[in-house]
Every structure is written in C-alpha cells, then in structure tokens.
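# Analysis of the macromolecular model
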Amino acid sequence: MDTSAQRRSTGTSMCRGMGEIGLPISTGAPKPRSHSQYARFAQCGLAYKLERVDRKPQSPAGWFIQGIAVHHGVELYERSGRSLSRPQVVDAYRQKWESEEAAGRRREPDEKRWMTGGFKSAAKDLPDRKSLGEHQIHDYLTYVDSVRDHEYMWTTPDGRLAVELGFEITIGSVPIRGFIDQILVTPYGLTVRDVKTGTKKQSSALQLALYRRAVWEMYQVDITWGDFFQCARLGRSPKAGGPTDPIDLTTIDQSWLEGQYAAMDAAERNGVYLANPGDHCVTCGVARHCNAKGRE
C-alpha cells in the first residue's frame, strides 16, 4: 500500500478556507480521532457537539444495549478459540445485557425518555430487543459452526488474536484510534470484518478501508477484502445472519481517506457543527436538546 507519495496538506487547506469565510481558525495540533467520531460528525455536526462537546444527557435505547451485549458475547467466544459452549456464550450475553440495562436505568429512570422502535413502550421494546440479541448470538454460533473449516480468526505477526484488535495510527497528520472487530482468514484471503446488529444497510466501506490502513501501518500486511457481518433479524422478514459479499478495499483511494479525516478534524477544531435533520433524528440520543428539532 503506497500512501506516503499521495499525502496532501488537506488540513492546512481546510483551515485557509475557514479563515476566508470569517470562521475562527484553530492553530492547535490535530486531535485523536476515531471512525465513530468521523461517522457521527459527518451524519450531523450538531449531534456530535451536543454529545461530545456539550456532554448533554443522552436518552438510552434498547438497540444500544443489544449491540454492546451481542459484541461482548461474540468477542468472548472468539477469544476462547471458539471453545466456549453455547450456554456459556448466551449467559455472557445475558449478564452484559442486564448490567447495561441497569446502567441505563440509573442514568434515566423515566422509561418515557427511552428511545424505542416504532410505537412501542420501553416496557415492550426492551424485552423484545433482549430476545432478538439472544437470537443473534445463537445464529452467530450456528454460522461459525458451518464455516469453521475454512473461515477462522487471524493471528497477527506479534501473536495477537485479531478480535477487537486495538490500534493507534496516524493518517496524514491526524491520530486515529479504534478497534477492529475481526480479521479472518477466508477463502478470499485475509478479510477485515465489522459486526452489525442493526438492520440498516451499510452505505460505505470507509470504516473497513480505515481498518485496512491500520493493519498496514502496524504490520505491513496489505488486506484486499472487507465485509460486514449482518446479524440475524426476526419479525416480518426474518433472515439468518451472515457476511455481506466481499468488498474490494483497494478501490478506496488512500489520499482521499486521509483527506476525509483531516477535513473532519479541522472542521471540529474550528467549531463548525452543522445541523443535518433527517430520518436519523429518531434514533438520536440528544434530539431533545436540539434546536433543529425543537428543544423540550
């Protein structure tokens, strides 16, 4: 992966542009960033500010708990070398769910302030999502059993099992931190994978391209492929879980990737927080503090 020859001073150009339109220019160094920061900022700058700068109280939701608990069960199972029994993994999921729900109730005892799917009450939505998450755990284990002969976790050159693999790299001039859900040996070759518990189709592979870059920076191992593991769903259109078709990550230009994170960093340090009201507002934990939606 040749990146050094493609690097440009994107952050500097961004700051010049801000000065020209009368916005304050930050002269400080780039801040440590993550893909989740980038994604939230790109989706809605105002929501990013309310959450991460103003630290406004966020409304809890069952889908957050579900995602955390499913990832916890999957991680424990994979870190065990797939040796944990199905009841052990399910029990780990349930315990994590219960601890996260308890924490959410301490932060917000009023169930009316919990976000829910559709017109459900929290009293109905939470047990439904808990059951869905448990189903996703069972389904994930069934999937692994069906592919274990030809799909397994990679071990990094420094001996780490590539499950929730932490990284700290610098892209251009921006420090980036994060965790890669999984890197697997598959029939396609090494593949970076992110596990998704929701139903939303992923519109971009930028997250996977970042993980590809991180593996290169840490190990000089160039990974071509990435995918998303879409966990099972229930309801009117039930579907078993499984990975998406493999995505060729070499098609995502590295200088463009650098520019995206540089632009986000420069805009955030200069206090540019544009509101972007839309369908995503219904799942925004700080919507009640938002002037664009009408504050409570």
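Attention here is on the structure that accompanies the text. (Residues numbered from 1 in each chain as written. Predicted model: local features only at pLDDT ≥ 70, side-chain atom pairs only at ≥ 80, totals over all residues. Heavy atoms only, no water.)

## Some remarks on the packing of helix H2 (residues 35-43) against helix H8 (residues 254-269)
The geometry of H2 relative to H8 is characterised by a closest axis approach of 10 Å and an angle of 70 degrees between their N-to-C directions. Considering their axes alone, H2 and H8 lie roughly perpendicular with respect to each other. Between H2 and H8 the crossing geometry is left-handed. Here H2 contributes His35, Gln37, Tyr38 and Phe41 to the contact with H8, which in turn contributes Gln260, Tyr261, Met264, Ala267 and Glu268. When grouped by side-chain class, the residues that make up the contact of H2 with H8 number five nonpolar, three polar and one charged. (Axes fitted to C-alpha atoms, helices over the stretch in contact; angles between N-to-C directions. Helix = DSSP H or I, 4+ residues; strand = E, 2+ residues; numbered from the N terminus. Parallel < 35°, antiparallel > 145°, perpendicular 65-115°, else oblique. Left-handed = near helix turned anticlockwise from the far one by under 90°. Contact = heavy atoms within 4.5 Å. Nonpolar A, V, L, I, M, F, W, Y, C, P; charged D, E, K, R; others polar.)

## A closer look at the pattern of salt bridges
Once their charged atoms are close, side chains differing in charge can pair, the charge on each being opposite to the other. One pass over the structure, following the stated rule, counts 26 salt bridges. A salt bridge links Arg160 to Asp158; the shortest N-O distance between them is 3.7 Å. Judged by its relative accessible area of 33%, Arg160 is partly exposed. The exposure class of Asp158 is partly exposed, given its relative accessible area of 47%. Glu258 is the partner of Arg213 in a salt bridge, and the nearest nitrogen-oxygen pair spans 3.0 Å. You can see Arg213 sitting in helix H7 (residues 206-219) and its partner Glu258 sitting in helix H8, a full 45 residues away along the chain. Per residue, the accessibility class of Arg213 equals that of Glu258, and both read buried. Connected through shared salt-bridge partners, Lys31, Arg33, Asp265, Glu268 and Arg269 make up one network. (Salt bridge = Lys/Arg side-chain N within 4 Å of Asp/Glu carboxyl O. Buried < 20%, exposed > 50% of the residue type's maximum accessible area, 1.4 Å probe, protein only.)

## Some words on the nonpolar core
Residues Phe167, Ile176, Ile180, Ile183 and Leu210 are the most contacted members of the largest nonpolar core, which totals 34 residues. Here this core gets eight residues from one element, more than from any other, and that element is H7. Leaving out residues up to four positions away in the same chain, Ile180 has contacts with Val163, Glu164, Leu165, Phe167, Tyr211, Ala214 and Val215. Counting 24 residues, the second largest nonpolar core, distinct from the first, contains Ala122, Leu141, Val163 and Val195. (Core = buried A, V, L, I, M, F, W, Y, C linked by side-chain atoms within 4.5 Å.)

## Some words on the environment of Gly133
By secondary structure assignment, the location of Gly133 is in helix H6 (residues 122-147). Residue classification places Gly133 among the buried positions, given a relative accessible area of 0%. The sequence separation of Gly133 and Trp114 amounts to 19 residues, and the corresponding C-alpha distance is 18 Å. Ignoring sequence-local partners within four residues, the contact set of Gly133 consists of Gln66, Val70 and Tyr93.

## Here's the deal with empty space enclosed by the protein
If you walk through the whole model with that rule in mind, you get two cavities of 30 Å³ or more. The space that makes up the largest cavity amounts to roughly 100 Å³. The wall of the largest cavity is formed by 13 residues, among which Cys44, Ala47, Cys281, Cys284 and Cys290 lie closest to the centre. Looking at the lining of the largest cavity, its residues break down into 10 nonpolar, two polar and one charged. Approximately 40 Å³ is the volume attributed to the second largest cavity. (1 Å grid on protein atoms, 1.4 Å probe; cavity = no way out; pocket = protein on both sides within 12 Å on 5 of 7 lines; lining within 4 Å. Points joined across faces, edges and corners; volume = space filled by probe spheres on them.)

## Brief notes about the environment of Leu249
Here Leu249 shows up in the loop between strand E7 (247-248) and H8. Among the residues examined, Leu249 registers a relative accessible area of 0% and is labelled buried. Residues Leu249 and Val147 lie 102 residues apart in sequence; the distance between their C-alpha atoms is 23 Å. Every residue in contact with Leu249, bar those within four places of it in the chain, is listed here: Val192, Ala205, Leu208, Ala209, Arg212, Thr224, Trp225 and Gly226.

## Concerning the packing of H7 against H8
Packing of H7 against H8 leaves a shortest axis separation of 11 Å and a crossing angle of 105 degrees. In terms of orientation, H7 lies roughly perpendicular with respect to H8. Residue-level inspection shows Leu206, Ala209, Leu210, Arg212 and Arg213 of H7 in contact with H8, the latter providing Gln254, Trp256, Leu257, Glu258, Gln260 and Tyr261. Considered class by class, the residues forming the contact of H7 with H8 number six nonpolar, two polar and three charged.

Keep in mind these values describe shape, not function.
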